[in-house]
Amino acid sequence: MILRTVLPLVAITLCVHSVISEISTNSYLSVADRTRLESILRQGFQLEDVSTVYYTVLGYKMLVSKLYQAKPEVMPQADAICNYLIKSNEENVTLETAFYLATTWKAIGGCEKFSPTTVVKILTNVVQKDTSTLSDLYYAVSGLTALSQKVPAARIDKLVKLIQATLRKDDSLWNLAYTFHIAADIGTPAAFAFDRIEDAMVQADEVDSQYLQFEGGLSITSFLVNGIFKLSNSLKKKPPLNFQQTVKLSNYLLSRRSVQSVKGAANLLSALATLAVDSHEKPVCIALADGGISVSSQQPLVTVKVCDIRGEALPSVPKVVATSAARVGDDAVILSNENLQPSADKTLFTMNLMNVKPDRGFYKISITAATVTNTITVKVLSEATLDYLEIGTGDADQTTQPKLTRVNTESPSGKLEHKIEADSQQKLVMRFLLRDSASKKPMRVHQAFVRLTSVATSANDKRGHEIFFVAEPDAAHVYKFDMPVGTAAANFGYQSGDYNVELIIGDAVISNPFRFNVGTVTLKFPEITSTEAADKGTSYKQKANVYTTKPEIKHMFREPERRPPAFVSNLFSGLCLAPVLLLLILWARLGINISNFPLSLSAIMFHLGLGGIFVLFGIFWLKLDMFITLRYLLGFGVVTFLAGNKMLSQIAHRHKSLR
């Protein structure tokens with residue numbers, strides 16, 4: 001009995017968890033994005049190209065309207081666009097131009113002077129052809145649909161067969177996208193295209209587990225998204241996309257909101273409008289509102305924006321809950337299940353994070369709204385105060401305790417009442433402590449610098465030494481700065497004199513980074529030795545010449561070895577030719593049977609080819625490289641082989657006949 005009661009509860013809990021575990025998008029189309037996209041779209045109102053005007057009207061309609069329905073009263077230069085369409089209709093109209101004219105005419109509305117007769121004729125002719133490509137059919141069918149013209153019923157079956165035959169040959173992404181748009185306009189007879197949506201989705205590329213896109217970028221991704229949802233709505237079916245695929249497609253589209261072209265802006269806005277309006281599971285954005293990343297005692301509210309991907313309010317105001325908030329680093333949870341309060345703006349929800357008195361640092365807050373969740377990161381700022389600061393001198397060998405003077409940190413000037421002097425046998429010592437103004441606890445910061453700047457003794461003094469040192473904290477969070485004057489003399493160029501001491505404090509999670517003027521100290525460095533002076537002069541000289549032109553680096557080839565005397569070279573050449581001379585002598589003694597030489601073309605070609613090969617080897621030894629020699633040798637070798645084969649066949653045949 002207990003088992004029967006527990007199992008349904010567990011199942012319900014798991015179902016609820018699976019519902020609210022969907023991840024939301026982390027960005028949306030902001031007001032700044034809309035303004036920038038509008039400025040890009042306005043380039044098309046120059047009316048220089050029909051396609052640009054089409055994309056301008058399409059993008060502007062998506063930008064100013066929450067629905068696909070056009071609003072003629074908000075379309076700028078509607079009359080000028082109408083006149084431009086009429087003028088373009090009177091010129092040489094191609095298929096694409098006819099499509100742009102038809103769809104732009106429908107989008108602006110109210111252009112009664114435009115006569116679509118020519119456009120309808122061109123589009124109808126393309127539909128009637130059996131050789132039309134899918135892109136041609138897309139322009140034709142979509143254009144006719146925009147003009148409220150139906151495809152002839154007798155032609156629909158042939159169009160469906162033509163589309164199926166084309167897809168069997170080439171089912172690329174573009175052809176699939178064209179098919180989805182055409183099928184959406186044809187309706188039920190082309191319902192087969194709905195089954196090809198999964199074929200298109202499996203070709204999508206997932207990047208970083210956050211973005212889903214198609215190879216080809218924004219154009220094909222936008223075109224496919226519009227086609228998939230247009231076909232699904234036409235057939236009144238839910239598209240075979242899960243919620244996370246829709247979110248990842250939205251993330252990719254939003255990552256491309258920096259487009260610079262009119263066509264890109266129109267493609268982006270149309271696809272975002274499709275996902276925001278036509279999607280069954282509309283993606284929701286949960287993100288920090290502009291400027292809401294920092295929280296402090298002066299500004300304690302965490303402001304979260306919950307909207308659709310176009311930055312507009314959701315149809316119903318959701319319940320927004322901060323399920324948990326944990327500090328980055330140690331995952332210490334500071335709150336759970338905190339309701340965020342709605343504001344006058346239906347997209348903004350606030351929560352006072354400082355009520356739980358969090359320590360300074362970064363926190364990850366898990367926000368749930370409208371069955372989706374997302375994690376945002378905020379930083380809690382605190383105000384750092386300088387609790388005390390002491391400065392003084394001590395022996396460099398640390399034989400005695402340093403003598404420190406406390407500086408009045410509450411004074412606006414915060415300076416020492418008198419100068420502190422330190423010579424080469426001493427060290428400059430400073431101690432200070434920082435506290436959190438709210439909790440009064442000692443604190444550490446990322447940046448704690450001590451800056452020493454030389455004080456000019458006259459208007460012509462241009463020494464201007466500026467040295468930075470890092471103050472290190474101990475276990476009690478007390479910052480210490482020790483500078484042996486003698487050891488640090490080289491850093492100051494051995495220039496004794498007065499130096500201003502300044503404390504610089506900074507951190508990513510403090511709201512008041514500051515600079516505190518400690519006062520003036522007099523540093524007396526040791527006299528520079530001759531060796532140090534020489535090193536200093538050499539160093540200075542090297543620095544002065546570091547950007548001068550250096551001598552040209554020339555490659556030195558190795559000196560060639562001495563050649564032997566000419567007598568030795570000639571003697572060696574003669575010895576190499578001696579076998580040839582010996583061959584001629586032996587031929588003369590034995591007698592050469594020249595009468596037995598076959599006087600045929602093949603015999604002459606064989607001996608010429610053989611001689612050419614020997615000559616080629618000699619030229620190779622003198623000047624040619626291996627690759628050129630092999631190229632020539634191929635030609636000589638083929639000729640010599642064929643001629644020799646023919647010659648030997650003739651000799652063999654003659655010997656048989658003599659027998």
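Just above, that's the structure.
The sections below set out a description of the structure shown in this document. Quick caveat, the model's predicted, so the values are computed rather than measured.

Below, the discussion takes up the overall build of the protein chain. In terms of regular secondary structure, the protein chain is built from 17 helices and 22 strands. Out of the 659 residues belonging to the protein chain, those deemed buried represent 42%. Across the protein chain, contacts joining residues at least 24 apart in sequence account for 69% of those joining residues at least 6 apart.

What follows concerns the pattern of salt bridges. Considering all chains together, one arrives at 23 salt bridges under this definition. Between Arg360 and Asp507 there is a salt bridge; the shortest N-O distance is 4.0 Å. Highlighted residues: Arg360 in the loop between strand 10 (348-352) and strand 11 (361-369) and Asp507 in the loop between strand 21 (497-506) and strand 22 (514-523), separated in sequence by 147 residues. The class of Asp507 is buried, set by a relative accessible area of 12%. Linking Asp498 and Lys419 is a salt bridge whose minimum nitrogen-to-oxygen distance equals 2.6 Å. Here Lys419 lies in the loop between strand 14 (403-407) and strand 15 (420-422) and Asp498 lies in strand 21, a separation of 79 residues in the sequence. Using a relative accessible area of 21% as the deciding quantity, one classes Asp498 as partly exposed. Given a relative accessible area of 46%, Lys419 falls into the partly exposed group. Among the charged side chains, a network of salt bridges with common partners joins Arg451, Glu466, Glu502 and Arg515.

Let's shift gears to the sheet that holds strand 21. Spatial ordering of the open sheet is given by 15-22-21-17-18, a layout of 5 strands whose pairing is mixed. In the strand order of this sheet, the two ends are held by strand 15 and strand 18 (466-470), each with one partner. When the angles between neighbouring strand axes are averaged without regard to direction, this sheet yields 30 degrees. Note that strand 17 (residues 447-454) and strand 18 share 5 bridges and pair antiparallel. In the sheet register, Arg451 faces strand 18, and the bridge partner there is Phe468.

Take helix 2 (residues 31-41) next. Within helix 2, burial applies to Asp33, Arg34, Leu37, Ile40 and Leu41. Within helix 2, the buried residues cover an arc of 120 degrees as seen down the axis, which keeps them to one side. Exposed residues on helix 2 whose side chains face more than 90 degrees from its buried face are Val31 and Ala32. On its buried side, helix 2 packs onto helix 3 (50-64) and helix 13 (262-278).

Once that is clear, we can look at the packing of helix 6 (residues 117-128) against helix 7 (residues 134-146). Orientation of helix 6 relative to helix 7, taken along the N-to-C sense of each, is 135 degrees, at an axis distance of 9 Å. It follows from the interaxial angle that helix 6 and helix 7 lie oblique. As for the relative orientation of helix 6 and helix 7, their crossing is left-handed in sense. Packed against helix 6, whose contacting residues are Val120, Leu123, Thr124, Val126 and Val127, the element helix 7 presents Asp136, Leu137, Tyr139, Ala140, Val141, Gly143 and Leu144 at the interface. Across the contact of helix 6 with helix 7, the residue classes break down as 9 nonpolar, 2 polar and 1 charged.

In terms of residue burial, strand 13 (residues 384-395) counts as a mostly covered element, since 9 of its 12 residues are buried. Bridge count between strand 13 and strand 16 (residues 426-436): 11 bridges; the pairing is antiparallel. Paired with Gly392 across the bridge in strand 16 is Val429.

Attention now goes to the packing of aromatic side chains. In this structure the tally under the stated criterion is 21 aromatic pairs. Look at Tyr138 and Phe223: their rings are 5.1 Å apart centre to centre, the planes differ by 85 degrees, and that puts the pair in the edge-to-face class. Highlighted residues: Tyr138 in helix 7 and Phe223 in helix 11 (residues 218-235), separated in sequence by 85 residues. Three or more aromatic residues joined by ring pairs make a cluster, and in this case those are Tyr54, Tyr55, Phe99, Tyr100, Tyr138, Tyr139, Trp174, Tyr178 and Phe223. It is Lys237 that lies over the ring of Phe194; its NZ or CZ is 5.0 Å from the centre.

Counting buried positions along strand 16 gives 10 out of 11 residues, so the element sits mostly inside the fold. With 7 bridges connecting them, strand 16 and strand 20 (residues 478-484) associate as antiparallel partners. Bridging from a neighbouring strand, Met430 pairs with Phe481 of strand 20.

The terminal C-alpha atoms of helix 3, which comprises 15 residues, lie 21 Å apart, in line with the 21 Å expected from a rise of 1.5 Å per residue. Among the 15 residues in helix 3, 13 count as buried, and that is most of the element.

Attention now moves to the environment of Asn83. Along the chain, Asn83 falls in helix 4 (residues 78-89). For the pair formed by Asn83 and Cys111, sequence separation is 28 residues and the distance between their alpha carbons is 8.4 Å.

Strand order in the open sheet formed by 4 strands is 4-6-10-9, with antiparallel pairing between adjacent strands. Each end of this open sheet is capped by a strand with a single partner; those strands are strand 4 (284-288) and strand 9 (341-342). Bridging between strand 9 and strand 10 involves 2 bridges; their strand directions are antiparallel. Within strand 10, the position partnered with Gln341 by the bridge is Thr350.

With a phi close to 60 degrees, Ser209 is a non-glycine residue in the positive phi region. Mapping Ser209 onto the fold places it in the loop between strand 2 (205-207) and strand 3 (211-213). You will see that Asn337, though not glycine, has its phi angle at about 50 degrees, which is positive. Along the chain, Asn337 falls in strand 8 (residues 333-339). Residue Asn337 is classed as exposed on the basis of its relative accessible area, which comes to 57%.

Procedures and definitions
- Residues numbered from 1 in each chain as written.
- Predicted model: local features only at pLDDT ≥ 70, side-chain atom pairs only at ≥ 80, totals over all residues.
- Heavy atoms only, no water.
- Helix = DSSP H or I, 4+ residues; strand = E, 2+ residues; numbered from the N terminus.
- Buried < 20%, exposed > 50% of the residue type's maximum accessible area, 1.4 Å probe, protein only.
- Contact = heavy atoms within 4.5 Å.
- Salt bridge = Lys/Arg side-chain N within 4 Å of Asp/Glu carboxyl O.
- Pairing = 2+ DSSP bridges.
- Axes fitted to C-alpha atoms, helices over the stretch in contact; angles between N-to-C directions.
- Arc of directions from axis to C-beta.
- Parallel < 35°, antiparallel > 145°, perpendicular 65-115°, else oblique.
- Left-handed = near helix turned anticlockwise from the far one by under 90°.
- Nonpolar A, V, L, I, M, F, W, Y, C, P; charged D, E, K, R; others polar.
- Phe/Tyr/Trp six-rings, centres within 6.5 Å; stacked < 30°, edge-to-face > 60°.
- Lys NZ or Arg CZ within 6 Å of the ring centre and 35° of its normal.
- Expected span 1.5 Å × (residues − 1).

All we've got here are geometric facts, nothing functional implied.
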